[in-house]
Amino acid sequence: MADTSSNSPGILATILAVFRQNRLPCLVLNVFAVALVVSYYQVPALAGFWEALGAFKTRSAFAFSCVSTMFAAAILPTGIQWMMGTLPKEGNGKRLLLLMLFWGYRGMEIDLFYHFQTWLFGDRQDALTLVKKVLVDQFIMSPLWFVPTYVIALRWVELGGSWKRTRPTLDREFWTRTCPTVLVTNWLVWIPALALVYSLPAALQFPLFSVVMCFFILVVTVMTQRKG
């Protein structure tokens, strides 16, 4: 009990620091997402584009979710890091391949989860349905699965795809500091963003997620490299 209480102030300070550092980009990201949703409901010309994108997503099924997430979270940030000259000097090809494998899989997994949410709660856009979907997404799936596996996968990639090297890093600090910090950052962006995602028809939910993810990764990559 004494050890846990002594660590608490450090964890709280870390989470508050994360909030201060990310509040502006998180606000920008969600204003961007609001603009996209408004464009669907209020701008006829852009609504046609969104309808066409939704139809394409329906035809492509999980191929769309795999490729779009792979581009947004692996290919795009790697390209930005390459242009900024911040990629590691060795192993870039393997690193990109591992990132593509993980994000391609994760995109299909999230798409499947959206289908499950639609089956579980229906495809209505009323407030109660939105609240149920966001709560399950962010307060059950994210802390139990999405965030821990995301952080573990990124460590695995940065350690060359070696589970032998990754496993010892999954220590107490990982579970009590790293994961909670990433979870808070995740909430800052995705709680409001997912309320917008789930407010769209089912066929358009993953396309909007993909666009927000692309912009999110772009901002995070640039910010990280500038801090570095």
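Structure: above.
What comes next is a walk through the structure. (Residues numbered from 1 in each chain as written. Predicted model: local features only at pLDDT ≥ 70, side-chain atom pairs only at ≥ 80, totals over all residues. Heavy atoms only, no water.)

### Side note on the overall build of the chain
Link 1 in the chain: In terms of regular secondary structure, the chain is built from 8 helices and 0 strands.
Link 2 in the chain: Going from the N terminus to the C terminus, the chain shows its helices and strands as α-α-α-α-α-α-α-α.
Link 3 in the chain: For the chain, buried positions account for 42% of its 228 residues.
Link 4 in the chain: Contacts spanning at least 24 positions in sequence make up 74% of the contacts within the chain whose residues lie at least 6 apart. (Helix = DSSP H or I, 4+ residues; strand = E, 2+ residues; numbered from the N terminus. Buried < 20%, exposed > 50% of the residue type's maximum accessible area, 1.4 Å probe, protein only. Contact = heavy atoms within 4.5 Å.)

### Considerations on helix α5 (residues 127–158)
Link 1 in the chain: With 32 residues, α5 extends just 41 Å between its outermost C-alpha atoms, more than 12% less than the 46 Å of an ideal straight helix rising 1.5 Å per residue.
Link 2 in the chain: The largest bend along α5 reaches roughly 80° and is located at S142, with the proline P143 sitting one to four residues downstream.
Link 3 in the chain: Sitting at the amino-terminal end of α5 is D126, which places a side-chain oxygen 3.3 Å from the backbone nitrogen of L128.
Link 4 in the chain: Phi for G160, located one or two positions after α5, is positive at around 75°. (Expected span 1.5 Å × (residues − 1). Bend = angle between axes of the 7 residues up to and from the residue. Polar contact = N/O pair within 3.5 Å; in protein donor to acceptor, adjacent residues only side chain to side chain.)

### Comments concerning the environment of A202
Link 1 in the chain: Within the secondary structure layout, A202 lies in helix α8 (residues 202–227).
Link 2 in the chain: Between the alpha carbons of A202 and Y114 there is a distance of 8.0 Å; along the sequence they are 88 residues apart.

### A word on the nonpolar core
Link 1 in the chain: In this structure, Y114, W190, L208 and M213 are the most contacted members of the largest nonpolar core, which totals 43 residues.
Link 2 in the chain: Elements with a contribution of two residues or more to this core: α1 (2–42), α2 (44–60), α3 (62–84), α4 (92–121), α5, α7 (172–197) and α8.
Link 3 in the chain: Excluding residues that lie within four positions of it along the chain, L208 makes contacts with L36, V37, W50, L196, V197 and L200.
Link 4 in the chain: Listed in part, the 7 residues of the second largest apolar core include I152, L170, F174 and L183. (Core = buried A, V, L, I, M, F, W, Y, C linked by side-chain atoms within 4.5 Å.)

### Things to note about the packing of α3 against α4
Link 1 in the chain: Relative orientation of the contacting elements α3 and α4 amounts to 140°, with a least axis distance of 7 Å. Considering their axes alone, α3 and α4 lie oblique with respect to each other. In the packing of α3 onto α4, the handedness of the crossing is right-handed. Of the residues in α4, those touching α3 at F62, S65, C66, T69, M70, A73, A74, I75, T78 and Q81 are R95, L96, L99, M100, W103, G104, G107, M108, D111, L112 and H115.
Link 2 in the chain: Considering only residue class, the contact of α3 with α4 consists of 12 nonpolar, 7 polar and 2 charged. (Axes fitted to C-alpha atoms, helices over the stretch in contact; angles between N-to-C directions. Parallel < 35°, antiparallel > 145°, perpendicular 65-115°, else oblique. Left-handed = near helix turned anticlockwise from the far one by under 90°. Nonpolar A, V, L, I, M, F, W, Y, C, P; charged D, E, K, R; others polar.)

### Overview of the packing of aromatic side chains
Link 1 in the chain: This structure, assessed with the given rule, holds 16 aromatic pairs.
Link 2 in the chain: Counting every residue linked through ring pairs, the aromatic cluster contains F56, F64, Y114, W190, Y198, F206 and F209. (Phe/Tyr/Trp six-rings, centres within 6.5 Å; stacked < 30°, edge-to-face > 60°.)

### A short note on the environment of G107
Link 1 in the chain: As for its position among the elements, G107 is in helix α4.
Link 2 in the chain: Spatially, the C-alpha atom of G107 lies 8.0 Å from that of V67, the residues being 40 residues apart in sequence.
Link 3 in the chain: Other than its neighbours up to four places away in sequence, G107 contacts S65, T69 and F206.

### Looking at the pattern of salt bridges
Link 1 in the chain: Counting across every chain of the model gives 4 salt bridges.
Link 2 in the chain: One salt bridge connects K57 with D111, and the closest N-O pair in it is separated by 3.0 Å. In this pair, K57 is assigned in helix α2 and D111 in helix α4, connecting sequence segments 54 residues apart.
Link 3 in the chain: The class for D111 is buried, based on a relative accessible area of 3%.
Link 4 in the chain: Where R124 meets D126, a salt bridge forms, and the shortest distance between an N and an O atom there is 3.3 Å.
Link 5 in the chain: For D126, a relative accessible area of 31% puts it in the partly exposed group. (Salt bridge = Lys/Arg side-chain N within 4 Å of Asp/Glu carboxyl O.)

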